[in-house]
Protein chains: 2
Amino acid sequence: MGKKFIHNLGLGTDAALGSKGAALNEMASLGLPVPAGFVITKTTEATHENLAAAIKKIGKGFGDPKNPLLLAVRSSPEGATLGTMETVLNAGLNDETVEGLAAQLQNRNQAYALYCQFIQTYAVNVLGLRHAEFEDMHDGDEISQRVAKFKSAIERKTGESFPQDVATQIADIIQAAPAQHGAVVVQAMVHGAGAPLVVASRNPATGAAYDGGSAKLKSTLSKLERHFKSPQEVTFIESKDKLWFLKSKALKASAKIELKMIVDMANEGLLARKDALLRVDPFILDQFLHPTLDAAAITEIFATGIAASPGAVSGQVVFEATEAQQLKSRGRPAILVRVETSPEDIQGMHAAEGVLTARGGLLSHAAVIARGMGKTCVVGASHLRIDYEAQTMTSLGSVIKRGEMVTLDGSTGRVYRGVLATLKPILSGDFATILEWADEFRRMEVRANAETPAEARSARYFGAEGIGLCRTEHMFFSADRIRPMRRMILAETIEARKAALDEILPMQRQDFIELFEIMAGLPVTIRLLDPPLHEFLPKSEHDILDLAAELHIAPEYLRARVAELQEFNPMLGHRGVRLAVSHPEIAEMQARAIFEATADVAKKYGKAPIPEIMIPLVVGKLELDFVRARVVAVAEDVQRECGLELPYLVGTMIELPRAALRAAEIAQSAEFFSFGTNDLTQTTLGISRDDSARFIGEYTAKGLMKNDPFISLDIEGVGELLQIAVERGRKSRPDLKLGICGEHAGDPESIDFCETIKLDYISCSPFRIAIARLAAAQATIRNK
Amino acid sequence: MGKKFIHNLGLGTDAALGSKGAALNEMASLGLPVPAGFVITKTTEATHENLAAAIKKIGKGFGDPKNPLLLAVRSSPEGATLGTMETVLNAGLNDETVEGLAAQLQNRNQAYALYCQFIQTYAVNVLGLRHAEFEDMHDGDEISQRVAKFKSAIERKTGESFPQDVATQIADIIQAAPAQHGAVVVQAMVHGAGAPLVVASRNPATGAAYDGGSAKLKSTLSKLERHFKSPQEVTFIESKDKLWFLKSKALKASAKIELKMIVDMANEGLLARKDALLRVDPFILDQFLHPTLDAAAITEIFATGIAASPGAVSGQVVFEATEAQQLKSRGRPAILVRVETSPEDIQGMHAAEGVLTARGGLLSHAAVIARGMGKTCVVGASHLRIDYEAQTMTSLGSVIKRGEMVTLDGSTGRVYRGVLATLKPILSGDFATILEWADEFRRMEVRANAETPAEARSARYFGAEGIGLCRTEHMFFSADRIRPMRRMILAETIEARKAALDEILPMQRQDFIELFEIMAGLPVTIRLLDPPLHEFLPKSEHDILDLAAELHIAPEYLRARVAELQEFNPMLGHRGVRLAVSHPEIAEMQARAIFEATADVAKKYGKAPIPEIMIPLVVGKLELDFVRARVVAVAEDVQRECGLELPYLVGTMIELPRAALRAAEIAQSAEFFSFGTNDLTQTTLGISRDDSARFIGEYTAKGLMKNDPFISLDIEGVGELLQIAVERGRKSRPDLKLGICGEHAGDPESIDFCETIKLDYISCSPFRIAIARLAAAQATIRNK
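Residues numbered from 1 in each chain as written. Chains lettered and ligands numbered in written order. Predicted model: local features only at pLDDT ≥ 70, side-chain atom pairs only at ≥ 80, totals over all residues. Heavy atoms only, no water.

With that out of the way, let us pick up the relation of the copies chain A and chain B. Each copy superposes on the other: chain A lies on chain B with an RMSD of 0.3 Å after a rotation of 179° and an axial shift of 0.2 Å. The relationship between the two copies is best expressed as a two-fold rotation axis. When you check the interface residues of chain A against chain B, 100% turn up at the interface there too, and the contact is symmetric in its surfaces. (Least-squares fit on C-alpha atoms with pLDDT ≥ 70 in both. Contact = heavy atoms within 4.5 Å.)

Below you can see the structure in the form of structure tokens.
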């Protein structure tokens, strides 16, 4: 039979008891009236003998015609699994005991109705009949004839008769409970009780505590809240002025109300702050940060893609980044629609209210950049056909033209025609309280990945304690920068390259001055130029002709240079520290801009920020030393020139497996490590995140992968490399500063892992800061 | 002074003694007459006192006017470093001792000439004067006047006088020896000896042993050969019928002669076979495998690139793969010239005698494929401009048109206009002997990476013991395969895909039948389809139109599908096991072809080959299980159908860092691991081998990387992952079969590492088999 008695109610809790069994057990342990009963777990055998013994412990009279003990049998699934066995009530009724029940209830009709009900649920759950087969039998006939009809229906359908032996009844019911649904609870029926009532300890619509007048129920609900550490939905029955408790489970409500209830409970002293923090799902905070679609306003869906960055925004459809900028300058909202985005679209993405792409996954260019900007974004709308020439987009036969209004819902990935009403975000109140409490417990520092002043400001607004990743390449894509940048890339001599860099220097310096002012007193980690240079060159024939004309060079020459710089696998190409090795003058210009900005801010405010200069994509110590030496030389020059001592750190990103393995030697030349887990995931798993949408979905659907490894850190693989790097790095430099700046730094499960390996900080996009603050606090509490 | 006495000659050998010092030391230890002396190493101080004491041990009379001891001072570099200090002879001569020498030599002119020489070399090496400043002083004047002129030249130039104190002389000379050149040897001059003579123990032109008549010298040469374990070039002087030995070093000769001398020495009993094997540089075997350019025929160079695959071949220049095939069909040699090659060029590469590309490095597509085919290849000829439209190539102003003859030298990377004479390879004799001996010692099995019957045959010819990597994708590029392959890729339904696969099945089965017949009795490892599917689709607009017409589909549709399948980083894309997860029917077709071929060959020959089916690019156990289950199901079907039991293995490639880390669980589902170190290097270091030419050269030139990690295994990084995988894999499956099939399997240094981690086999391209056999033997001997 595969089932065995384990506990009578009242014994210690146990996962094997399932959710209902455990809750009953705990309610009993709190001294609340709970009908007597026991739990059968799925692991071992239940025989007639030990069933009988267990029933005897519940009470006398099972099968007694005069004063029959009746039983309820419920499945008690583990965790969130839904049990399909319905509850069987009044087991123990037969042709004799029904008369005893009738006498007790002083209501023969009611007793027989319960008997019929029992026969029917028995037939359905034990014998596999359908409820429909009894549908017409409840009315009409005299009550005892009805029982006969029920019984003969069973015989007709199954050839078996309904068992009059109560021990057989109960054994059959227990055996019929599907094993995968976990434990089974057998509990005495309460005589003379009405129908079960359900009460919420707090109003799920307003969050207000229960104030139903019954002081006895109120104090019990408080007791249950305190015990279960969350608002409860409680099922009970009343019999002769006594309340019998049958069920207690966590109360569900909207994100906003759930948060309020938890904060209230903590303020009322029902919940310790650390337990309150553990009760909040960090992801619900996301819903506080963006406007959401008003459910009442929802209309027909135009297209569906992947929800890449939350928020609900409306705007005019444009297909070119420049058009988004033009609309913005006229104060009008734009939705930028592209097959996919590239670094050239950055300004347009900034200008647009939201971004929609036909291709790409959660970690496509569009998704990553949009999340970084806190911009609503839907990607990979695979049925969407974009026709740049006709300036239209088509989805399932429906067409939207340039200039028409659409609404994006970045939380569901849905796209609607027209303007839909939205609800504004609220960042104060309970949201702020929870984050304040989180900061009391949190061990890891939380920084932001930010490069523009706007991002830096929103990072501070959300509570970032510094910048953990300032990518410098995006600074080069604006119209005034891209020209000298392109001249620099196409330079044939070091002199020509330096001349172009000299033009860029003051602009880059100004970038850092602005960041340092916003981040006054906080650390700012600046990554030196990382992407392959061809990303800055034009791709289309049209743009090549334009640039050639602008630079007064032959289009053939430019075309050849562009082709020459093309790469088969740019992700694994000539980028990161490799650029600085080939063109140290670029790194030197950047270092100069950083140190001059530091000096400028130091003079203005009397206190220098501490820039942390990060050299990306290293695989060993030698290349790091090569670039580090140049950065240090520039630092010394600038300090001499300005007459100030400027503190700074030089460190590296650990984003390639070899860097993790060689962490001991690399740490000799690095004052900090920042784990670039996006690239580390790409290389450790050999998966290009831009191309992964094609198959990762299939993998998770087929159960071959638990999570998308770009969303939740692959702890078994990438995590081991992080652990190796932390151990080896700290061994060779005990005060090595360790952080993470990949997308994973905004993912609670990954943040928990970062706590276990004792990183010093996590750095995520500004709009994930709140989630990270809470998740980091939870991780500290959990791992203490 | 940074120098210190360590050893008088005759004491034990020591690396610090440098090459000359060590050789002298060893000759003395053999009992050969060696002029007395001592060695000063670069590590610690030489004072006047210990210099004097050491000189006293050489003999009496240093500075003695009557019977002066004179000294020679030579630098003794470590290893192959070239010392720039020239040898200083007759130190200890001054105005007095020169008279003593004159009396001894009974030749005043000779004594003064030696004195002048000494003054000059002292002036040049100690005081930094140039030889030219003494050029005109050697003739004319009376001998003693000449000395005065030399001395006054020194005073005029430096303001210092030539030291008469012999202790000062010797101390100055020793201090002047550049520290980086290692040790310094101080040795007594032999009075009355003639000029030093040089003799080779074997004739470097023919390999014949010395037979110069002097039995005494002959036996000494044998003694030295036996001692130094190689043919020697010996420097000695004769004085009063006695031979004094000054120097002995390894004799250099052509590869062919060096091999002959080593084999001869072993056959003569002068060298144990294991020592003979260790003496042979595996790379010289390469020169035996390909025709080489006749040095006499060399003319002006047209272009220079990277020597990617050896051999010297001539043919007509063609710029299209199809043209190479056409020429081949007319029996005429072609040289295929491309900016770079792609999988579509494979058939043309097969047909051509040699391949020349303007782009790419040692591990570009062209280089890897050409080496696999044993085809001469020059890549990355960066000054070469190819104009496909004009059908010309231009290098430094010189133009070659389609159809003109050129000669490629794949050993030097040079390209010549016209046909140059070549020398044929010789695979018997000493070459065969060395390989036979290697096989006596070798522990690891040597297999070949081969997929065509031609490659398989040449693999066997070179001694391969099976196929370690049969890539199946190249089988799909021929004209008759690519059509159903493309139909399969573009199929919209599983049925359409299966129909296309049904067309491919018999062809694929025939491929395997041919391979199994050639490899009868030997293992054959077959890798299931690996590259992303877009590699099989056309890229140019022209080809897209062609294919659309052929398949009766709309060009727009085809264009969209091609664009859809495009990837940003194909190396990290939808390929390997991921293809089999998305389209299990492809893997099933391949498995069926393999098992049916196995059954066919088993029936024909009474004995079944044992196919080893390899699933590429796994990162964990689950995806491997998914595909493995399908392969096993097909195996069972085919065995049932043919009524035979067919033994086979299923294993995986370990080519991604995560696979190495998760080796324990992967080994539960894999009967063998084959290390794909090409891809493992790409991902561990984050370097695309196709794009690496751009910066790896710079890295090695700047000393930031020791070797190109695609040529010699990165032992510190990739090597650690191999070690981890071997340990974890063997722990979970003790009889796990372990091999390597990356390009590194043909590199001696990497092979040595494979021996240290105890791999079972190495698998390289057929033309590297000889090198691998020898290198594996050396590794076994070294690591015993």
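Residues and elements named next belong to chain A. With respect to the helices, strands and loops of the structure, Met519 is situated in the loop between α17 (494-518) and β24 (524-527). When the C-alpha positions of Met519 and Ala459 are compared, they lie 9.5 Å apart, and in sequence the two are 60 residues distant. Setting aside residues no more than four positions away along its own chain, Met519 makes contact with Ala456, Ala459, Arg460, Gly466, Ile467 and Val524. (Helix = DSSP H or I, 4+ residues; strand = E, 2+ residues; numbered from the N terminus.)

This part is about unusual backbone geometry. Phi is positive for Lys229 of chain A, close to 60°, though the residue is something other than glycine. Mapped onto the secondary structure, Lys229 of chain A falls in the loop between α7 (215-228) and β7 (232-239). Although it is not a glycine, Leu617 of chain B sits at a positive phi angle of roughly 65°. Topologically, Leu617 of chain B is positioned in the loop between β25 (611-615) and α22 (621-642). Among the residues examined, Leu617 of chain B registers a relative accessible area of 0% and is labelled buried. (Buried < 20%, exposed > 50% of the residue type's maximum accessible area, 1.4 Å probe, protein only.)

With that settled, consider helix α11 (residues 321-329) of chain A. Residues and elements named next belong to chain A. The set of residues buried in α11 consists of Ala321, Glu323, Ala324 and Leu327. The buried residues of α11 occupy an angular sector of 160° when the element is viewed end-on, so they sit on one face. Buried residues in α11 make contact with β12 (312-318), β13 (334-338) and α12 (346-351). Gly331 lies just past α11 and shows a positive phi near 75°. (Arc of directions from axis to C-beta.)

Glancing now at the pairing of strand β2 (residues 37-41) of chain A. Residues and elements named next belong to chain A. Burial analysis of β2 places five of its five residues in the buried class, which makes it a mostly covered element. Neither face of β2 is left uncovered, since the one carrying Gly37, Val39 and Thr41 and the one carrying Phe38 and Ile40 both have all their residues buried. Bridge count between β2 and strand β5 (residues 183-188): four bridges; the pairing is antiparallel. Within β5, the position partnered with Phe38 by the bridge is Val186. (Pairing = 2+ DSSP bridges.)

Following the criterion strictly, the structure yields 104 salt bridges over all chains and no others. Arg108 of chain B is the salt-bridge partner of Glu99 of chain B, the closest N and O atoms lying 3.1 Å from each other. On the accessibility criterion, Glu99 of chain B (34% relative accessible area) is partly exposed. Within this structure, Glu473, Arg527, Asp530, Arg575 and Asp679 of chain A form a network of salt bridges that share partners. (Salt bridge = Lys/Arg side-chain N within 4 Å of Asp/Glu carboxyl O.)

Our focus in this paragraph is the sheet that holds strand β17 (residues 392-395) of chain B. Residues and elements named next belong to chain B. In spatial order, the strands read β16-β17-β18; together these three strands make up an open sheet with antiparallel pairing. The open sheet has two edge strands, β16 (384-387) and β18 (398-401), and neither has a second partner. In this sheet, adjacent strand axes meet at a mean angle of 20° when their direction is disregarded. Of the pairings in the sheet, the one linking β16 to β17 comprises four bridges and is antiparallel in character. Paired with Leu384 across the two strands is Ser395, which belongs to β17. (Axes fitted to C-alpha atoms, helices over the stretch in contact; angles between N-to-C directions.)

A few words on the environment of Cys116 of chain A. All names here are of chain A. Mapped onto the elements, Cys116 comes out in helix α4 (residues 108-127). Along the primary structure Cys116 and Met137 are separated by 21 residues, whereas in three dimensions their C-alpha atoms are 9.4 Å apart. Once residues lying within four places of it in the same chain are set aside, the contact partners of Cys116 are Arg146, Val147 and Phe150.

Now for the sheet that holds strand β26 (residues 649-654) of chain B. Residues and elements named next belong to chain B. Here we have eight strands rolled up into a closed barrel, ordered β22-β23-β24-β25-β26-β27-β28-β29, and parallel in their pairing. Averaged over neighbouring strand pairs, the angle between their axes works out to 25° when direction is ignored. Alignment of strand β22 (residues 445-449) against strand β23 (residues 467-471), held across two bridges, turns out to be parallel. Residue Asn449 lies in a different strand from β23, and its bridge partner there is Leu469. Docked against the sheet, helix α29 (residues 769-782) engages β22 and β29 (761-764), running at close to 160° with respect to β22.

This paragraph deals with the interface of chain A and chain B. Listed by partner, the interface residues are 50 residues for chain A and 50 residues for chain B. There are eight salt bridges connecting chain A and chain B. One salt bridge in this structure joins Glu720 of chain B and Arg728 of chain A, with 2.6 Å as the shortest N-O distance. In this assembly, chain A and chain B are joined by 30 residue pairs in polar contact (both at pLDDT 80 or more). Those elements that provide at least two residues to the side of chain A that touches chain B are α19 (555-565), α20 (577-582), α22 (621-642), α23 (657-661), α25 (677-685), α26 (693-701) and α27 (718-732) of chain A. (Polar contact = N/O pair within 3.5 Å; in protein donor to acceptor, adjacent residues only side chain to side chain.)

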